[in-house]
Amino acid sequence: MAVFVALGAFLMTLAGGWTAQHVTDRRHLVLGLAGGLMLGVVGLDLLPEALRAAGTEVYGVPAALLLFVAGFLLAHLVERLLAARRAAHGAAEHNHRAPEVGLTAAAAMVGHSLMDGVAIGASFQVGGGMGTAVALAVIAHDFADGFNTFTLTSLYGNARRKALAMLFADAVAPVVGAAASAFLTVPEALLGGYLGLFGGALLYLAAAEILPEAHHEHPARSTLLCTVAGAAFIWLVVGVTTG
């Protein structure tokens, strides 16, 4: 049952990626929407869940928040190191961006989707009602995951085939995670720490890369509205699936 439900996440992820690649004539709107979706996912979905799951504190600060900051700094450090390495070797960059950053970010999205699948499987082990609620939450935000995976990979100058490959991997991940949940259990504290770290890295990409690029190319009011709409969409999804 869990694997069958995860197929809905598979289709929704592909739908998000399909949407992202078919509105290239409005690239600034795509980037604005992607930035809003990423902001909403981090602030309204990942971070609250991370704080709930990883409840321990380190010197008065929740461990999830420390890992959130670490994820932000790690993403910044990796991007700078890759950019410096490419510049030192005289390699041309796509708009001064290292393609490896886009692939790494997309791989992190795949990892997140894999954990979503595990969550679906684990919730169905608790009961049908719990499984259905978690599955609806995952399926609802997987459109944003697919949209962001394709956008992130493409933004950093990777070929379309690589973006499509990462999109497909992101779509398959929940199905694999749901199937794997029958054989493994992820400790809640570990899951919370992972979500905090991933959320920090995702926020860095949204704030330092996606949104500046969107408004630099076309600083229109419509771009800002797309960003707000993206964050509002995630708020709606969170409210509907947890209310």
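Everything discussed here concerns the structure shown above.
The structure reproduced in this document is the subject of the present report. (Residues numbered from 1 in each chain as written. Predicted model: local features only at pLDDT ≥ 70, side-chain atom pairs only at ≥ 80, totals over all residues. Heavy atoms only, no water.)

Quick word on the overall build of the protein
(1) Moving on: Helix and strand counts for the protein stand at eight helices and two strands.
(2) Moving on: Ordered by position from N to C terminus, the α and β elements of the protein give α-α-β-β-α-α-α-α-α-α.
(3) Moving on: Taking all 243 residues of the protein together, 44% fall into the buried category.
(4) Moving on: Across the protein, every contact between residues at least 6 apart in sequence was considered, and the portion connecting residues at least 24 apart equals 82%. (Helix = DSSP H or I, 4+ residues; strand = E, 2+ residues; numbered from the N terminus. Buried < 20%, exposed > 50% of the residue type's maximum accessible area, 1.4 Å probe, protein only. Contact = heavy atoms within 4.5 Å.)

Section: helix α6 (residues 160–180)
(1) Moving on: Helix length check: α6 (21 residues) gives 30 Å between terminal C-alpha atoms against 30 Å at 1.5 Å per residue, within 8%.
(2) Moving on: Of the residues making up α6, those classed as buried are Ala 163, Met 166, Leu 167, Asp 170, Ala 171, Ala 173, Pro 174, Val 175, Gly 177 and Ala 178. (Expected span 1.5 Å × (residues − 1).)

A short note on the pattern of salt bridges
(1) Moving on: Evaluation of the coordinates by the stated rule reveals one salt bridge.
(2) Moving on: Residue Glu 49 is joined to Arg 52 by a salt bridge in which the shortest nitrogen-to-oxygen separation is 2.6 Å. Here Arg 52 and Glu 49 lie together in helix α2 (residues 27–53), a separation of three residues that amounts to about one turn. (Salt bridge = Lys/Arg side-chain N within 4 Å of Asp/Glu carboxyl O.)

A look at unusual backbone geometry
(1) Moving on: Phi at Tyr 59 takes a positive value of approximately 50 degrees, unusual for a residue other than glycine.
(2) Moving on: Tracing the backbone shows Tyr 59 in the loop between β1 (57–58) and β2 (61–62).
(3) Moving on: When its relative accessible area of 86% is taken as the criterion, Tyr 59 is described as exposed.

What to know about the nonpolar core
(1) Moving on: Formed by 35 residues in total, the largest nonpolar core has its most connected members in Met 38, Leu 46, Phe 147, Leu 152, Leu 202, Leu 205 and Ile 210.
(2) Moving on: Among the secondary structure elements, those contributing two or more residues to this core are α2, α3 (63–88), α4 (99–126), α5 (128–155) and α7 (188–217).
(3) Moving on: Here the element with the most residues in this core is α2; it accounts for 10 residues.
(4) Moving on: With near-sequence residues (within four places) excluded, Leu 202 lies in contact with Met 38, Val 41, Val 42, Leu 46 and Met 109. (Core = buried A, V, L, I, M, F, W, Y, C linked by side-chain atoms within 4.5 Å.)

Limitation: the analysis is restricted to geometry and does not speak to function.
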